[in-house]
Amino acid sequence: MKHQSMQDFTQRHTQVSRVAIDGLLESGDPDDVISMLHRQQSWLAMMQDRLTRG
């Protein structure tokens, strides 16, 4: 149960990050937030992979 909850959390967080990146791309990104979000997405992908493999 805890394992599945963590997978759900990381998947939802990845989706929210994508929406944020899309919004920043439309409005510009003066503070380079997109770079930080890309790093965060990489970390989330790594965590999802680890959760999937067990």
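Visitor: How should I be thinking about the overall build of the protein chain in this particular structure?
Guide: When helices and strands are tallied, the protein chain shows 2 helices and 0 strands. When the backbone C-alpha atoms are referred to their principal axes, the protein chain occupies close to 40 × 15 × 10 Å. When the 54 residues of the protein chain are sorted by exposure, 20% land in the buried category. When the accessible area of the protein chain is evaluated, it comes to approximately 4200 Å², of which 57% is carbon and sulfur surface.

Visitor: What's the story with the side chain of Ser17 in this structure? I'm lost.
Guide: By the element assignment, Ser17 lies in helix H1 (residues 2–27). Judged by relative accessible area, Ser17 falls into the buried class, the value being 3%.

Visitor: Would you explain helix H2 (residues 33–53) in this entry?
Guide: In an α-helix, one full turn covers 3.6 residues, which means residues spaced three or four apart are oriented alike. Helix length check: H2, at 21 residues, gives a terminal C-alpha distance of 30 Å against a target of 30 Å (1.5 Å per residue), a fit within 8%. Here H2 has its buried residues at Ile34, Leu37, Gln41, Leu44 and Leu51. Down the axis of H2, the buried set is contained in an arc of 90°. They therefore lie on one face. Summarising the geometry of H2, the exposed residues directed more than 90 degrees from the buried face are Arg39 and Arg53.

Visitor: Honestly, the side chain of Thr14 in this entry has me stumped. Any pointers?
Guide: For Thr14, the location among the structural elements is in helix H1. For Thr14, a relative accessible area of 9% gives the class buried.

Visitor: Sorry if this is basic, but what is going on with unusual backbone geometry here?
Guide: A positive phi angle, close to 60°, is found at Asp32, a residue other than glycine. Tracing the backbone shows Asp32 in the loop between H1 and H2.

The rules we used
Residues numbered from 1 in each chain as written. Predicted model: local features only at pLDDT ≥ 70, side-chain atom pairs only at ≥ 80, totals over all residues. Heavy atoms only, no water. Helix = DSSP H or I, 4+ residues; strand = E, 2+ residues; numbered from the N terminus. Buried < 20%, exposed > 50% of the residue type's maximum accessible area, 1.4 Å probe, protein only. Areas by Shrake-Rupley, 256 points an atom, 1.4 Å probe, with all protein chains shown as cover. Expected span 1.5 Å × (residues − 1). Arc of directions from axis to C-beta.

By themselves, these figures tell us nothing about what the structure is for.
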